[in-house]
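Next come the chains, spelled out residue by residue.
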Amino acid sequence: QVRIVDSGGGLVQPGGSLRLSCATSGFTFTSYHIKWYRQALGKERELVALITKDGSNTTYADSVRERFTISRDDVKFEAYLQMNNLQPDDSAVYYCTARRGSTRFANYWGQGTQVVVSS
């Protein structure tokens, strides 16, 4: 059974840090790219960060570049999003997704984890 479980969200003050985790099972983790999306209240879903299946390339939204870092652990079958210097505009529900990169295969989504940045 395919499972993706997002965790690590919570309440943090501006300037603080959080690390989101994405635990996976039930599929070949090393064959999938990992993307973190976020969706704030009243806003469209936004791609935050991407890491390719082999970890050779990463991509970030302009709004989070140099503050967020995406990574993956192919032994634990987990991915992470380290978020530093968080600001109120970073408040959103964050989703981990695994994508094969081919229409022949399904994509998988986590349930989302909420991040609230507030003083």
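Everything in this summary refers to the structure shown in the same document. What you see is a predicted model; the values in this text were computed from it and never measured.

Here is what the cut-offs are and how they apply
Residues numbered from 1 in each chain as written. Predicted model: local features only at pLDDT ≥ 70, side-chain atom pairs only at ≥ 80, totals over all residues. Heavy atoms only, no water. Helix = DSSP H or I, 4+ residues; strand = E, 2+ residues; numbered from the N terminus. Pairing = 2+ DSSP bridges. Axes fitted to C-alpha atoms, helices over the stretch in contact; angles between N-to-C directions. Salt bridge = Lys/Arg side-chain N within 4 Å of Asp/Glu carboxyl O. Buried < 20%, exposed > 50% of the residue type's maximum accessible area, 1.4 Å probe, protein only.

### Quick word on the environment of Gln114
Okay, so step 1: The residue Gln114 is located in strand β11 (residues 113-117) in this model.
Okay, so step 2: When the C-alpha positions of Gln114 and Asp89 are compared, they lie 13 Å apart, and in sequence the two are 25 residues distant.

### Points about the sheet that holds strand β7 (residues 68-73)
Okay, so step 1: If you trace the 4 strands from one edge of the open sheet to the other, you get β1-β3-β8-β7, paired in antiparallel fashion. Each edge of the sheet is formed by a strand with only one pairing partner; in this case those strands are β1 (3-7) and β7. Shown here is a sheet whose adjacent strand axes are inclined to one another by a mean of 15°, direction ignored.
Okay, so step 2: Here β7 runs beside strand β8 (residues 78-83); their pairing, made up of 6 bridges, is antiparallel. Paired with Thr69 across the two strands is Gln82, which belongs to β8.

### Some remarks on the pattern of salt bridges
Side-chain pairing between opposite charges can occur once the charged atoms of the two side chains come close.
Okay, so step 1: Evaluation of the coordinates by the stated rule reveals 5 salt bridges.
Okay, so step 2: For Arg38, the salt bridge identified is with Glu46, shortest N-O distance 2.9 Å.
Okay, so step 3: Between Arg67 and Asp90 there is a salt bridge, with the nearest N and O atoms lying 2.8 Å from each other. In this pair, Arg67 is assigned in the loop between β6 (58-60) and β7 and Asp90 in the loop between β8 and β9 (92-99), connecting sequence segments 23 residues apart. In terms of burial, Arg67 and Asp90 fall into one category: buried.
Okay, so step 4: It is possible to trace a salt-bridge network through shared partners that takes in Arg38, Glu46, Arg67 and Asp90.

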